[in-house]
Structure formats: C-alpha cells, structure tokens
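Summary of the model geometry
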Amino acid sequence: MLAARRTLNTVARRPLSRTLPAGPASSSSSSRLFTTSRIVRSIETENVIPKPPRWRRALTTFGRVTLVTVLGTTATFMYFAAKETHPPAWQKPFDKDKKTVVILGSGWAATSMLKNMDTEEYNVVLVSPRNYFLFTPLLPSVAVGTLEPRSVIQSTRYVARHKARRVSIYEAEALKVDPHAKQVTIADLSDIKGDVNNMTIPYDILVYAVGAETQTFGIPGVKEHSCFLKELPDAEKLRERVMDCIESAAFPDQSEAEVDRLMHMIVVGGGPTGVEFSGELHDFIKDDLRSWYPELADKLKITLVEALPNVLPMFSRELIQYTESTFKEQNIEVLTKTMVKEVKDKTVVVKNDKGQIEELPYGLLVWAAGNVSRPITRDLMAQLPQHQTNRRGLLVDDYLRLLGVNDVYAIGDCTATSYAPTAQVATQQGRYLARLLGQIAKKEELETKLAELRGERSGLPEGPEGKVKNNAEEIESVVKQLNKASKIRPFHYSHQGSLAYIGSDKAIADLPFFNGNFASGGVATFLFWRSAYVSSLFSLRNRTLVMSDWLKVKLFGRDVSRESRN
C-alpha cells in the first residue's frame, strides 16, 4: 500500500513534458488525464481486499453468537447463584397480632407448603429433626455413588430466609401433640445440647407433616439385619455396606460359597425405590466393578423380591413387562409372589410362589417395602379414637383438616387417603394448604374490615348523604370480596405421571395424555427422566451439583474407595 502511494505521488509530481510526448496542447491534456486515471485505477485494483468465502463468514458469525451466548448464560447463572446465596438482610419480625402456624416436618409436603406460603399473614415456626429437605427419588443414586449426598439436600433455611417474615426453625424431634391444649412438645435429641433441650410450643394452626417410617410388617430380623432406603444416612450406610461386601469377598482364601453369599444383593420391595436401586446397582457392576474388581464382577448377583404378582403395580402392564424383560437381560432375578418370613444374619427365609419355604444366602439385604405411621402419629390417633379409626394413617377431610379436632391440618405420608404416598401427592397437598391458609387469612381480614365499616355506618349522622353513600358502596365492595374469599375449594390431586429408572440408561414413564395414558420406555425416556428430576429440584445449587455428579461419573466412573470402617 505504501509503495503504491509513493508511485502515485511520484507520477503527480513528475513534469508532464517528461511523462507524455510533445504534441498539440489539447491532445497532450487529454493524454495526461487518461494516463493518470489509468494509473490510479490500476493501483486501486491491486489494493482491493478480496471478500472472504461464505463458509468463513458463517464460521465467524457462529463464533460470535456462541461467545455472546456463553457470556450471557454465565452472567445469568452468576446472577441467580448470587441471588440464592444472598437472602434479604432484613425480614419482618414476629407479630403478636398474627396467628402462629407450627409446621412439623421438612419433607416434601412441609417444604412445598413453606415455599408457597405467604408469611406476611402468619408467624411461622418449623420443627424437624433434620434441618434440610431431601430429594428422596434420587436416594438410590446416592446409595451406589452416582450422586454425592450433599447434592440431593437443600437447607430448610434456604427457603425460610427468602420469605417476607422471619421463620423460626428448630432442629428438634416432636415428641407429643396435644390437640386440645393446642401445643406441641419438642426435644433436642442431637449429640450436642445446650442448657435448654426441650420445650412446649403453643400454636393457633398446626400443620402435621411428619411423614412415615419403613414398614417391617413385624417380620423377625428385619430391623436388625436389613438396610433401609428412607433417609440420607440410610443411603450412606448402604453405600458403605455394598463396598464392605465386595472388599470382604476379595479377601484371600475365601471359599467359593462364601464369596457367592457376600456378592448376593437382595432387594425386598418391587416399588419404584426397589426397582431403581436394582437398576443403579446393575450400572455400578457394569460400569465400574468390571474395571476395578474384574475377578468379582461376574459373581455379583441381584435378586428382587416382591410379594405381589408383579413389580411396579402403579405402572401400565406393558411397562411392567418391559421392566421385567430388561431386568432379565441384566441378569437381575425377579421373584414375584414371594413373601419374606424371617431375616437372619446371613440368610433370608422366604415363601415362594409355589408355597415352599427356602433360605436365600445374602451379603446385603435392602428393605424397601412400604410405610407405617410414626409413634407420635399413633399417639395423636389414640387421643381422637372416635374419628381416627384407620391404622394406616391420619384421616382428613376434603380440605386436609384432621378429623376430630379444629385448626390441625395433616399432609403427606402420615395421612390415610385414597392417593398413593408419593412425593407428587405431598407436594400438591403442600401447595394447596399454603393457598388455603392464605385464603383464610384474607377472609378473616375482610370480616374484620366489614365489622369496622358497619360499626362506622351505625355511628354516622343522617347527613351528609354523600358520606353515607360512600360508606355503603365500600361495604358492598367488601361483601363481594368476602363472598369470593369464602368459596374454598377442596383439595384435588392432579396426577402428572410416574417415572422410574431401570438401569442401563433406560427408564420408563407412564404419563397422562388427553383422556388416556402415554407409556414409554428406553434411552429417550431416560433423558426425559433426568430432565424431569433436575427441573423438580428445589434450587439452582442442587441442579448444578446433580448435573456435575452425572458428568463426573460419565468421565471418571464411580468412586470405589472406602471412607470409613466401622
């Protein structure tokens, strides 16, 4: 470019007589102009930058869009992460003029209610022996190391600290409910206690959501020799026991019979929990055990025991058959119509579908067979014998009010309703009760306002007429609002479908579709299963941790090291 400019300047400064031959004046002038313009065009043509090809322009555009998307996504993620981890610095304090709502529990029902509740209208106290919410559908993944324990829990204070009014949270066990005196006795049962470790809390409204315990049906040896899968410590213990069996089987000079016993994992219960744990355990064998314990991988055996004619009774028949056929391909033995009679130290006594009694040796036995009421629930039922007649759980009306007493609501697995004791039901009950209490608070506020307006009207003089007219219009408006707030609808459960993971990156889904059901199974359903669970997690933190764990397992596999030895 610089050389071209120098050439042009040289031509411009050079005398015309030297540039062009002698001739007539007009001819010389035209020749000079023609020659100069030709030189300029030649120089401009030589220095024109060629247009890049189309594929390069498309690649540049794609790179810019990708950069903007990444930066925008990162900025959005950082904003919401900061918003979640930095709650408001100030919350409204306890208001003695407001009613006190005491919530017992921090499970699906209680947490859903707290999350959707307007604390502007109430003073809220939450009592639970654990200070976190647990995403129970992913417990089977925690039990085999697919997910880390901290990834599936979220502090209850995360929900409470984002509410308008301060919520008091006590990590304590509810020992007794007195529905007549309207008070709850609680105690701190943790290892470290302060000067005060028990107290009695009065309430105006009680929300009873303590959940249930694992049902053992009174079978001897279940509590002593089985592993449950109900709480987070259960999953951590189960993960430890699985590795304990494998390492003991790898100990030198073990007999073949003893190795076979140690490597036999029995799961009792053909519901979603038992099926999903069996699938996760199979993945652990296929993806990790073959790499690090090749001499034992083929010896590990999984047996699923179910007393009913088939597993997963809440799913359609075709999905049940698909699950059973998938388990057969994975060498998971399914024993239906088989009842457990006794659990011993190293064997379980069962009655098979032919009525024969046999003993199955096992290294690990996982018990995932139903729910039963907690002692505090049974004590509450005993205080209301005329109304609480169902041994399965608490009886409630269509508005989730406990039968036999006022101002007590029961939600979640502690109740005996026509709905299955699932997280989906408990979540919807919690949302409904939050709206119901908000509607009741608004109704009471309108009733107070109406009484005040009518009192003012009775004290008004005959004139002026304008003031009387305005008061009458305001009363009429409040009456309309009160009539609307008084129309309380009963609880209605809307089934959103059932999902279950069955191993080998396969899942099944039974979803409502128009007037029927849509049944699906396979890898695509597995991706849907994962996306549905991620979207159901309570916080951005949980979603990030769970997806990170999935990616970590995909890249590096599950951790097979032992953290401790009891």
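Residues numbered from 1 in each chain as written. Predicted model: local features only at pLDDT ≥ 70, side-chain atom pairs only at ≥ 80, totals over all residues. Heavy atoms only, no water.

**As for the overall build of the protein**
When its secondary structure is counted, the protein shows 17 helices and 23 strands. Every one of the 566 residues in the protein was classed for burial, and the buried ones make up 42%. In the protein, once contacts between residues fewer than 6 apart in sequence are set aside, the share between residues at least 24 apart is 65%. When the accessible surface of the protein is totalled, it reaches about 31600 Å², and 54% of it is carbon and sulfur. (Helix = DSSP H or I, 4+ residues; strand = E, 2+ residues; numbered from the N terminus. Buried < 20%, exposed > 50% of the residue type's maximum accessible area, 1.4 Å probe, protein only. Contact = heavy atoms within 4.5 Å. Areas by Shrake-Rupley, 256 points an atom, 1.4 Å probe, with all protein chains shown as cover.)

**Considerations on the pattern of salt bridges**
Per the stated rule, a full pass over the model turns up 19 salt bridges. Where Asp287 meets Arg558, a salt bridge forms, and the shortest distance between an N and an O atom there is 3.7 Å. Taken as a pair, Asp287 in helix α11 (residues 272–292) and Arg558 in the segment after α17 (540–556) lie far apart in primary sequence, 271 residues in all. Exposure remark for Asp287: the relative accessible area of 40% places this residue in the partly exposed category. Taking the shortest distance from any N to any O, the salt bridge between Asp549 and Lys552 comes out at 3.8 Å. Placement of the pair is Asp549 and Lys552 together in helix α17, with a separation of three residues, close to one helical turn. Through salt bridges with shared partners, one network takes in Glu148, Arg239, Asp549 and Lys552. (Salt bridge = Lys/Arg side-chain N within 4 Å of Asp/Glu carboxyl O.)

**Notes on the packing of aromatic side chains**
A full pass over the atoms with the stated rule returns 14 aromatic pairs. Measuring from ring centre to ring centre gives 6.3 Å for Trp108 and Phe538, while their planes differ by 65 degrees; the resulting arrangement is edge-to-face. Within this pair, whereas Trp108 is found in helix α5 (residues 108–116), its partner Phe538 is found in the loop between α16 (523–536) and α17, the two being separated by 430 residues in sequence. Owing to a relative accessible area of 11%, Phe538 belongs among the buried residues under this scheme. Connected via pairs of aromatic rings, a cluster forms that spans Trp108, Phe133, Phe135, Tyr501, Phe526, Trp529, Tyr533 and Phe538. It is Lys115 that lies over the ring of Phe538; its NZ or CZ is 4.7 Å from the centre. Over the face of the ring belonging to Trp550 we find Arg530, whose NZ or CZ atom lies 4.1 Å from the ring centre. (Phe/Tyr/Trp six-rings, centres within 6.5 Å; stacked < 30°, edge-to-face > 60°. Lys NZ or Arg CZ within 6 Å of the ring centre and 35° of its normal.)

**Some details on unusual backbone geometry**
Look at Phe217: it is not a glycine, yet its phi comes out positive at around 60 degrees. Mapping Phe217 onto the fold places it in the loop between β10 (213–214) and α8 (222–225). You can call Phe217 exposed: its relative accessible area is 53%. Even without a glycine there, the phi angle at Lys337 is positive, about 55 degrees. Along the chain, Lys337 falls in the loop between β14 (332–335) and β15 (339–343).

**Points about the packing of helix α4 (residues 54–85) against α17**
Their axes nearest at 9 Å, the elements α4 and α17 cross at an angle of 125 degrees. With respect to their mutual orientation, α4 and α17 come out oblique. Between α4, through Phe77, Phe80, Ala81 and Glu84, and α17, the contact on the second element is made entirely by Leu540, Arg541 and Thr544. Partitioned by chemical class, the residues of the contact of α4 with α17 number four nonpolar, one polar and two charged. (Axes fitted to C-alpha atoms, helices over the stretch in contact; angles between N-to-C directions. Parallel < 35°, antiparallel > 145°, perpendicular 65-115°, else oblique. Nonpolar A, V, L, I, M, F, W, Y, C, P; charged D, E, K, R; others polar.)

**Overview of the sheet that holds β14**
Strand order in this open sheet of five strands is β11-β18-β12-β13-β14, and the pairing throughout is parallel. Single-partner strands in this sheet number two, and they are β11 (227–228) and β14. Lying over the sheet, helix α9 (residues 232–249) contacts β11, β12 (264–268) and β18 (364–367), oriented at roughly 160 degrees with respect to β18. (Pairing = 2+ DSSP bridges.)

**Digging into the state of the cysteines**
Applying the stated criterion across every chain, the model contains zero disulfides. Here Cys227 stays unpaired: no disulfide links it, and the sulfur of Cys245, its closest cysteine neighbor, is 8.4 Å away. Using a relative accessible area of 2% as the deciding quantity, one classes Cys227 as buried. (Disulfide = S-S within 2.5 Å.)

**Quick look at the UniProt feature "transmembrane region" (unreviewed entry) in the protein**
UniProt records the feature "transmembrane region" (unreviewed entry) at residues 61–82, using the numbering of this structure. The distance separating the terminal C-alpha atoms of residues 61–82 is 31 Å; by composition the span is 100% helix and 0% strand. (UniProt positions renumbered as here; feature names shortened; annotations may be inferred.)

**Quick notes on the environment of Thr146**
Relative to the assigned elements, Thr146 resides in the loop between α6 (139–143) and β4 (153–155). For Thr146, a relative accessible area of 5% translates into the label buried. Sequence-wise, Thr146 and Glu280 are 134 residues apart; in three dimensions their C-alpha atoms are separated by 8.1 Å. Beyond its immediate sequence surroundings of up to four residues, Thr146 is in contact with Ser141, Glu280, Asp549, Trp550, Val553 and Arg558. In terms of polar contacts, Thr146 uses its side chain to reach the side chain of Glu280, at 3.1 Å. Within the structure, the side chain of Thr146 is placed 3.0 Å from the side chain of Arg558, a separation counted as a polar contact. (Polar contact = N/O pair within 3.5 Å; in protein donor to acceptor, adjacent residues only side chain to side chain.)

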